[in-house]
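Residue strings, one per chain:
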Amino acid sequence: MKYAEISHFSHSQHNLKFDYTEKPFKCDGCNEVGIGSRYRCSGDGYQSCDFDLHAHCALPSASITHPFYKKCSFQFLARPPGNERRYCNACEKDVSGFVYHCKACGFDLHPCCAMLPMVLDDGETKLFLYRKVSSSCHRCGRKGRSWSYRSSCKKYNLHVACVREMLVENWRDLYKGHNGKSLTLKNTLEHHHRSSSKGKVQKCCEIAGMAMQFVISAVLGDPTALIAGVVGSLISRG
Ligand SMILES: [Zn+2]
Ligand SMILES: [Zn+2]
Ligand SMILES: [Zn+2]
Ligand SMILES: [Zn+2]
Ligand SMILES: [Zn+2]
């Protein structure tokens with residue numbers, strides 16, 4: 001479901017408008033990075049706002065179930081319960097804003113993590129979401145750590161957490177040297193590639209271009225986000 005304009009409890013002074021961006025943004029609901037579809041307020045004539053929400057955070061369900069946790073019922077909460085630090089069961093990053101929480105088990109899922117597609121399919125490559133995989137992640141070399149996407153040939157594994165980290169780290173590095181939000185994902189990925197031409201990260205670039213793009217956009221909250229050509233060009237430059 002897509003609306004051109006919505007009102008949201010977390011920013012009740014203005015309506016939020018749907019837009020589409022190829023630049024990463026920080027979601028003011030869950031505090032995680034996003035790309036693609038978002039609901040945004042840039043302010044009115046009197047007040048300027050810089051308020052963004054992932055589509056998943058703008059239009060949450062009151063409660064959801066997840067195929068990995070068949071006995072759980074997750075409720076949407078605007079902030080995590082209690083005073084302890086809490087972690088997302090999907091990506092193992094902290095949860096500091098919007099969250100789906102199972103009261104019975106204490107499990108937490110970021111809204112975008114909860115909505116990760118079980119299968120990403122570009123017509124050629126299929127990637128399946130696993131709660132655990134037995135082979136190591138292409139980025140960090142470790143197993144277990146968080147949910148992973150694995151290709152149907154089983155050659156490629158990437159933790160959902162690693163995909164997000166890879167982009168966020170490099171985005172922040174670059175961001176320091178730039179004024180304003182003029183940074184595109186293209187720069188982010190090119191920088192990433194340049195600054196780590198050897199070692200583990202290089203392996204990321206062996207991953208089929210389209211497959212990688214699907215994983216990135218799914219992890220950032222919008223599996224339909226088009227960043228075509230970006231990763232593909234990195235791979236062809238080897
Ligand atoms: Zn969000
Ligand atoms: Zn506003
Ligand atoms: Zn549960
Ligand atoms: Zn998460
Ligand atoms: Zn990893």
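Scoring rules and cut-offs
Residues numbered from 1 in each chain as written. Chains lettered and ligands numbered in written order. Predicted model: local features only at pLDDT ≥ 70, side-chain atom pairs only at ≥ 80, totals over all residues. Heavy atoms only, no water. Helix = DSSP H or I, 4+ residues; strand = E, 2+ residues; numbered from the N terminus. Contact = heavy atoms within 4.5 Å. Pairing = 2+ DSSP bridges. Axes fitted to C-alpha atoms, helices over the stretch in contact; angles between N-to-C directions. UniProt positions renumbered as here; feature names shortened; annotations may be inferred. Buried < 20%, exposed > 50% of the residue type's maximum accessible area, 1.4 Å probe, protein only. Donors = N, O, S within 2.8 Å, 3.2 Å for Na, K, Ca; no water. Tetrahedral: all angles 85-135°; square planar, octahedral: opposite > 155°, others 65-115°. Polar contact = N/O pair within 3.5 Å; in protein donor to acceptor, adjacent residues only side chain to side chain. Phe/Tyr/Trp six-rings, centres within 6.5 Å; stacked < 30°, edge-to-face > 60°. Lys NZ or Arg CZ within 6 Å of the ring centre and 35° of its normal.

Explain the overall build of the chain to me, using residue names and the numbers behind them.
Looking only at helices and strands, one finds 7 helices and 14 strands in the chain. Contacts spanning at least 24 positions in sequence make up 49% of the contacts within the chain whose residues lie at least 6 apart.

Run through the sheet that holds strand E9 (residues 99-102), naming residues and quoting values.
Judged by pairing direction, the sheet is antiparallel, and its 4 strands sit side by side in the order E5-E6-E9-E10 without closing on themselves. Edge positions in the sheet fall to strand E5 (63-66) and strand E10 (107-109), since each has one partner strand and no second. Taken pair by pair, the neighbouring strands of this sheet meet at an average axis angle of 30°, ignoring direction. Where strand E6 (residues 69-77) meets E9, 4 bridges bridge the pair, whose relative direction is antiparallel. Counted as the bridge partner of Phe74 is Cys102 from E9.

Lay out the UniProt feature "domain: DC1" (unreviewed entry) in the chain in plain terms, naming residues and giving numbers.
As annotated in UniProt, the feature "domain: DC1" (unreviewed entry) corresponds to residues 9-58 and 76-114 in the numbering used here. Span residues 76-114 is 10% helix and 33% strand, its end C-alpha atoms 11 Å apart.

Give me unusual backbone geometry: which residues, what numbers.
In terms of backbone geometry, most residues other than glycine have negative phi values and most peptide bonds are trans. With phi around 70°, Asn31 is a residue other than glycine that occupies positive phi space. The residue Asn31 is located in the loop between strand E2 (16-26) and strand E3 (33-43) in this model. The backbone of Glu92 shows a phi angle near 65°, a positive value even though the residue is not glycine. With respect to the helices, strands and loops of the structure, Glu92 is situated in the loop between strand E7 (86-87) and strand E8 (94-95).

Give a description of the environment of Arg131 that names residues and reports values.
Mapped onto the fold, Arg131 is located in the loop between strand E12 (126-130) and strand E13 (148-151). Judged by relative accessible area, Arg131 falls into the partly exposed class, the value being 40%. Along the chain, Arg131 and His159 lie 28 residues apart, while their C-alpha atoms are 9.7 Å from each other. Excluding its chain neighbours within four sequence positions, the residues that come into contact with Arg131 are Phe68, Tyr69, Ser146 and Trp147.

Can you lay out the coordination of the zinc ion (ligand 2) for me, pointing to particular residues and giving the numbers?
At 2.1 to 2.3 Å from the zinc ion (ligand 2) lie its protein donor atoms, namely His11 (NE2), His14 (ND1), Cys41 (SG) and Cys49 (SG). Here the zinc ion (ligand 2) binds 4 donor atoms, and the angle range of 104 to 114° at the metal identifies the geometry as tetrahedral. Taken in chain order, the donor set of the zinc ion (ligand 2) reads H-x2-H-x26-C-x7-C. Pair noted here: His14 is in the loop between strand E1 (5-6) and E2 and Cys49 is in strand E4 (residues 48-54), with a separation of 35 residues, a long-range link. Judged by relative accessible area, which is 12%, His14 ranks as buried.

A description of the side chain of Arg150 should follow, citing residues and the corresponding values.
Mapping Arg150 onto the fold places it in strand E13. There is a polar contact of 3.5 Å between the side chain of Arg150 and the side chain of Tyr130. Dropping the residues within four chain positions of it, Arg150 is found in contact with Lys126, Leu127, Phe128, Tyr130, Val133, Ser134, Ser135, Tyr156 and Asn157.

Summarise the packing of aromatic side chains; cite the residues concerned and give the values.
For the coordinates displayed, the defined rule picks out 8 aromatic pairs. Ring pairs connect the aromatic residues Phe68, Tyr69, Phe74, Phe107 and Trp147, which therefore count as one cluster. The ring of Phe25 has Arg38 sitting right over it, with the charged end atom 5.4 Å from the ring centre.

Talk me through the coordination of the zinc ion (ligand 1); I want residue IDs and the actual numbers.
Within the first shell, the zinc ion (ligand 1) binds the protein through Cys27 (SG), Cys30 (SG), His54 (ND1) and Cys57 (SG), at distances of 2.0 to 2.3 Å. Here the zinc ion (ligand 1) is ringed by 4 donor atoms whose angles at the metal span 99 to 119°, and the overall shape comes out tetrahedral. All donors of the zinc ion (ligand 1) come from a single chain, and their spacing in sequence reads C-x2-C-x23-H-x2-C. Highlighted residues: Cys30 in the loop between E2 and E3 and His54 in strand E4, separated in sequence by 24 residues. Here His54 falls in the buried class, since its relative accessible area comes to 1%.

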